[in-house]
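Working through the structure, step by step
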Amino acid sequence: MILTSPMSAASSSQVIQFNGLISPAAWGAPFQLPGSPPPGPGPFPPPPPPPLLVVLLPSDGHTMSGQGSVQQGIFVMLIVLMTDPVTGMPTLNFVGNSTMANFQVDARLTSASLSATLQGFDLVSFSPKTVTLSVSWTAIDPLTGTLNPITRTTMESRVQFGGFSLLLHMSSQMRLATASGTLAVVGGPTITLPPAPATIARADFGIITRTPLA
């Protein structure tokens, strides 16, 4: 679906549209810091390992904006959050992305794979970081051994107040999937990402915003 928005003398419009493949996934899993001693006997139980949160969104498609620019290809966004097991304070808060990745999706949305090196920034140490990532997806249900069915969705939402308005349209075909892999912080830990719920999808969505001119 192509979204268009007429310009008027009293308002400014912005159009963003994406069409392509996406495979969002997220993990929240504990792991042991490298070099820390294994739990042993003692009067007190060992502290729990630091929690880990990983949010991954790879995409392969084309994005169009109202200014006429078109970007086509692979884009991977990654967020990694680690916290100290004793203080509960963050030890790593990585936000990064990459356009140089190998992201493959089966035409029937039955499987996908990603291999990427992401450059980003750690908001804890205020320093640049590099993360390497290898993840695979499968739409085979681990309990039944059968292929998850395709779910088709269409959604449209409109919001308007004052002179501002927003139109959101989305349609997708997706299969529920399981994602797993490994993540390595260069100069830091290598983390195993256990099987976690995810999706493999073909999506088409667009946003139109209209803001009144001053």
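The paragraphs below set out a description of the structure included in this document. No experiment lies behind these values; they were computed from the predicted model shown.

This part takes up the overall build of the protein chain. What the protein chain contains, in helices and strands, is zero helices and 11 strands. Counting helices and strands in the order they occur from the N terminus, the protein chain gives β-β-β-β-β-β-β-β-β-β-β. Taken across its 214 residues, the protein chain has 34% of its residues classed as buried. The contacts in the protein chain between residues at least 6 apart in sequence include a share of 62% that link residues at least 24 apart. Carbon and sulfur atoms make up 64% of the accessible area of the protein chain, which totals about 12,100 Å².

Quick look at the packing of aromatic side chains now. Summed over the entire model, instances satisfying the criterion amount to three aromatic pairs. Taken together, a centroid distance of 5.5 Å and an interplanar angle of 35° make the contact between Phe-18 and Phe-205 tilted. In this pair, Phe-18 sits in strand E1 (residues 11–22) while Phe-205 sits in strand E11 (residues 190–212), placing the two residues 187 residues apart along the sequence. With a centroid separation of 6.2 Å and an interplanar angle of 65°, the aromatic rings of Phe-103 and Trp-137 are classed as edge-to-face. On the criterion of sequence distance, the pair formed by Phe-103 in strand E6 (residues 101–105) and Trp-137 in strand E8 (residues 127–138) is long-range, its members being 34 residues apart. This pair shows no difference in class: Phe-103 is buried, exactly as Trp-137 is.

We now examine unusual backbone geometry. Unlike most non-glycine residues, Leu-109 shows phi in positive territory, near 60°. Summarising the element assignment, Leu-109 is placed in the loop between E6 and strand E7 (111–122). The residue Phe-126 is not glycine, and still its phi comes out positive at about 55°. Looking at the element boundaries, Phe-126 is found in the loop between E7 and E8. On the basis of relative accessible area, Phe-126 is assigned to the exposed category, the value being 63%.

Calculation notes
Residues numbered from 1 in each chain as written. Predicted model: local features only at pLDDT ≥ 70, side-chain atom pairs only at ≥ 80, totals over all residues. Heavy atoms only, no water. Helix = DSSP H or I, 4+ residues; strand = E, 2+ residues; numbered from the N terminus. Buried < 20%, exposed > 50% of the residue type's maximum accessible area, 1.4 Å probe, protein only. Contact = heavy atoms within 4.5 Å. Areas by Shrake-Rupley, 256 points an atom, 1.4 Å probe, with all protein chains shown as cover. Phe/Tyr/Trp six-rings, centres within 6.5 Å; stacked < 30°, edge-to-face > 60°.

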